Amino acid sequence: MRHARDTDLPLTVDRTASTGLGEQLVRQIRELVARGVLRPGDPLPSSRALAARLGISRGTVTSAWDVLAGEGYLVADRGATRITPHLEMRRDTGPVARTGAGSGTAGAPRARPSGPEPGGDAAASPRVGQHSAPTSPRTGMPVARVLSPTTSPAPPSRRTARRSAARPELIDLRPGKSAITSLDTPAWRGAWRDAASGVATGRTLRTDLRDHLADYLRLNRGIVRSPEDILVTAGVRDGLQLALRVLGLARGRRLRVAVENPGYPALRRVVRALGHIALPVGVDEHGLVPDQLPSGRWGGAGRWDVAPAPDAIVLTPGHQYPLGGTMPVTRRMELLAWAREHGALVLEDDYDSELRHSAQPLPALGALDTARDTVVTLGSFAKVLGSSVGVGHLVAPDSLLPDLERTRAELGSPVSLIAQEALARFMDSGEFQRHTARMRRSFRRRRSLLSDVLGDLPHVSVLPMAGGAHAVLAVPNEDVAIERARRRGVLVGALAEYWTGQGRAGGERGGAAASSTEAGADRGPDERGGVVLGLTASDRDVERGARVLREVLGEP
């Protein structure tokens, strides 16, 4: 059964819990409905896709759906399992299916849940059977295979051979350098053609891009906000400079902005370009380390921390860039508590959130900011649509939103109405969700290819990552590896460029940067060096580049 939308709900399972896996799904769906993340009529992921993502049997998922259908939460409608379209939540009875307008049926039957009230204790709810066939012991997903071309190209002419010998074909595997060729589809071209025609004639969609962004953030990132609360941006950097500009004006001084070390260099450059101070803070395998944030008080570690607390923190909690760590919920709550205590704004770059291809996705950090007072969530679709599209989104605390809207109106929007309309049409047709699913599978396949080709090399390791559009190889000598690869026609990125220390990226080593590295930033890749590879290139280029790297890294 094909579903019109490929939702990526923040559902997880815990095999160590005392409750069954299916029962955990039942309870989470109830809670998502109660919180408003899932709304009447929303489609759920297909049982096959969800089972593969969670590494459980499909029977477990279908049994959970059966329980929820019996409670009145779900219906099978139009080729998909959906939240009951006319669902009404009542404290005394739980879900109730409303009758349609004008039916005149005052005493319509109510679906009474057999378990506890939504959002409450699920211990007494019916246990879901788990007798389905076993899945893969690791992920429950089939192992991706990389197929070699079945045909060989025709031998080149003598002139072509001489030209090729003089100028070897270049393979650019640097992050963000390859075009998203899989986007060149009739649906994508049609969305832009119809958008241009609609804007010219005034026949635009009834719902604008912000309506679709609100649905995307709610269903995929757990952030429940109205379309009016969302600002359309030209990407994460545009949203970051807008937020820092407003915060700087509000505080009337240069801001102290904590940034990850290593982290995304472009975000540090935005901070400095606006005249603010970038404070590097160390990361570990779980992302930014809150204990390393300066607080201007006794830290309980035998010294007085005299550095004032930062005004803002810029981080990538869902997929730390470039090392790939995911910040667990306990650390996220610790970070939010720290930010509220010190009056700091948390600027979340929701990087690669839609590209989780292993492990279970977590909601955005902004989803935990239920008070709507601390987190700005920045996002873009650069990794699935390409950086040339230049469309992103911003969700901010309620107190900051009016100033953001006023500043945006004064400066003007950098995103054309045609671009907004084209993306809205692409999302409205369901093609955006299908394209994202294809990209997720492509990145997973290419990462598996890299692991297969390079994973057994001595002194080389592919850093573990749960998703994303890049990979990092820890290597003994970064400079030698990159130069040898370049001579063989393969361009790759250097991990040193992501640190704030001295090196190719420039910046300052010492002071806060040095202390953060010594105090617990991920020191392994820093000392050994690393190679950063983009996964947006074609399968053929990734495989050829990986084999060149294998030869290069295997040289003495």
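As the structure is a prediction and not an experimental result, all values here were calculated from the model. (Residues numbered from 1 in each chain as written. Predicted model: local features only at pLDDT ≥ 70, side-chain atom pairs only at ≥ 80, totals over all residues. Heavy atoms only, no water.)

The next point concerns the overall build of the protein chain. Of the regular secondary structure elements, the protein chain holds 18 helices and 18 strands. Burial statistics for the protein chain: of 556 residues in total, 51% are counted as buried. Taking all contacts inside the protein chain whose residues are at least 6 apart in sequence as the whole, residues at least 24 apart take part in 72%. Total accessible area computed for the protein chain in this model is approximately 25700 Å², and 51% of it derives from carbon and sulfur atoms. (Helix = DSSP H or I, 4+ residues; strand = E, 2+ residues; numbered from the N terminus. Buried < 20%, exposed > 50% of the residue type's maximum accessible area, 1.4 Å probe, protein only. Contact = heavy atoms within 4.5 Å. Areas by Shrake-Rupley, 256 points an atom, 1.4 Å probe, with all protein chains shown as cover.)

Counting buried positions along strand E7 (residues 256–261) yields six of six residues, so the element is predominantly enclosed. Residues of E7 alternate between two faces, with Arg256, Ala258 and Glu260 on one and Val257, Val259 and Asn261 on the opposite face, all of them buried. Read as a crossover between parallel neighbours, the route from E7 over helix H8 (residues 265–273) to strand E8 (residues 277–284) is right-handed. In terms of strand pairing, E7 meets strand E10 (residues 312–315) through three bridges, oriented parallel. Paired with Val259 across the two strands is Val314, which belongs to E10. (Right-handed = clockwise from strand over helix to strand, strands pointing away. Pairing = 2+ DSSP bridges.)

This part is about empty space enclosed by the protein. Summed over all chains, the structure comprises four cavities of 30 Å³ or more. Within this model, the largest cavity holds a volume of roughly 80 Å³. What lines the largest cavity is Val259, Glu260, Gly263, Tyr264, Leu267, Arg268, Val314, Leu315 and Thr316. When contributions to the lining of the largest cavity are tallied by element, the ones reaching two or more residues are E7, H8 and E10. Broken down by class, the residue content of the lining of the largest cavity amounts to five nonpolar, two polar and two charged. Put simply, the second largest cavity is a space of about 70 Å³. (1 Å grid on protein atoms, 1.4 Å probe; cavity = no way out; pocket = protein on both sides within 12 Å on 5 of 7 lines; lining within 4 Å. Points joined across faces, edges and corners; volume = space filled by probe spheres on them. Nonpolar A, V, L, I, M, F, W, Y, C, P; charged D, E, K, R; others polar.)

A residue-level look at the protein chain finds 76% of positions with pLDDT of 70 or above and a mean pLDDT of 79. Here residues 99–153 is a poorly scored stretch, pLDDT under 50, and it has 80 contacts once near neighbours within four places are set aside; other chains count. Long-range and interchain partners of residues 502–527, a stretch whose pLDDT sits below 50, account for 58 contacts in this model, where long-range means more than four residues apart. (pLDDT = per-residue confidence, 0-100.)

Before going further, it helps to examine the sheet that holds strand E15 (residues 470–474). With antiparallel pairing, four strands are arranged side by side in an open sheet as E14-E15-E18-E17. Sheet topology places strand E14 (461–462) and strand E17 (493–494) at the edges, where each strand pairs with a single neighbour. Pairing of E17 with strand E18 (residues 530–534), which is carried by two bridges, proceeds in the antiparallel orientation. In the strand pairing of E18, Ala494 is matched with Val531.

Let us now look at the pattern of salt bridges. The full count for this structure, using the stated rule, is 29 salt bridges. Several salt bridges share partner residues, and in doing so they unite Arg225, Asp229, Arg372 and Asp398 into one network. (Salt bridge = Lys/Arg side-chain N within 4 Å of Asp/Glu carboxyl O.)

The next point concerns the environment of Glu551. Residue placement: Glu551 occurs in helix H18 (residues 539–554). Using a relative accessible area of 44% as the deciding quantity, one classes Glu551 as partly exposed. Sequence separation of Glu551 and Arg484 is 67 residues, and the distance between their C-alpha atoms is 9.7 Å.

A few words on the nonpolar core. Counting residues in hydrophobic clusters, the biggest one holds 59 residues, and the most contacted among them are Leu385 and Leu473. Among the elements that take part in this core, helix H14 (residues 431–454) stands out by supplying seven residues, more than any other. One finds Val281, Ile313, Leu323 and Leu365 within the second-largest nonpolar core, a separate group that totals 27 residues. (Core = buried A, V, L, I, M, F, W, Y, C linked by side-chain atoms within 4.5 Å.)

Next up on the list: the side chain of Arg331. Checked against the element boundaries, Arg331 lands in helix H9 (residues 329–342). A distance of 3.2 Å separates a polar atom in the side chain of Arg331 from the backbone oxygen of Gly287. Among the polar contacts made by the side chain of Arg331, one reaches the main-chain carbonyl oxygen of Leu288 at a distance of 3.1 Å. Leaving out residues up to four positions away in the same chain, Arg331 has contacts with Asp284, His286, Gly287, Leu288, Val289 and Pro290. (Polar contact = N/O pair within 3.5 Å; in protein donor to acceptor, adjacent residues only side chain to side chain.)

With that settled, consider the side chain of Arg256. Residue position: Arg256 is located in strand E7. Comment: no salt bridge for buried Arg256; closest opposite-charge side chain is Asp311, at 5.7 Å. One polar contact links the side chain of Arg256 to the main-chain carbonyl oxygen of Pro308, over a distance of 3.1 Å. In this view, Arg256 contacts Ile277, Leu279, Pro294, Ala307, Pro308, Ala309, Pro310, Asp311 and Ala312; residues no more than four positions away in its chain are not counted. (Lys, Arg positive; Asp, Glu negative; His and termini not counted.)

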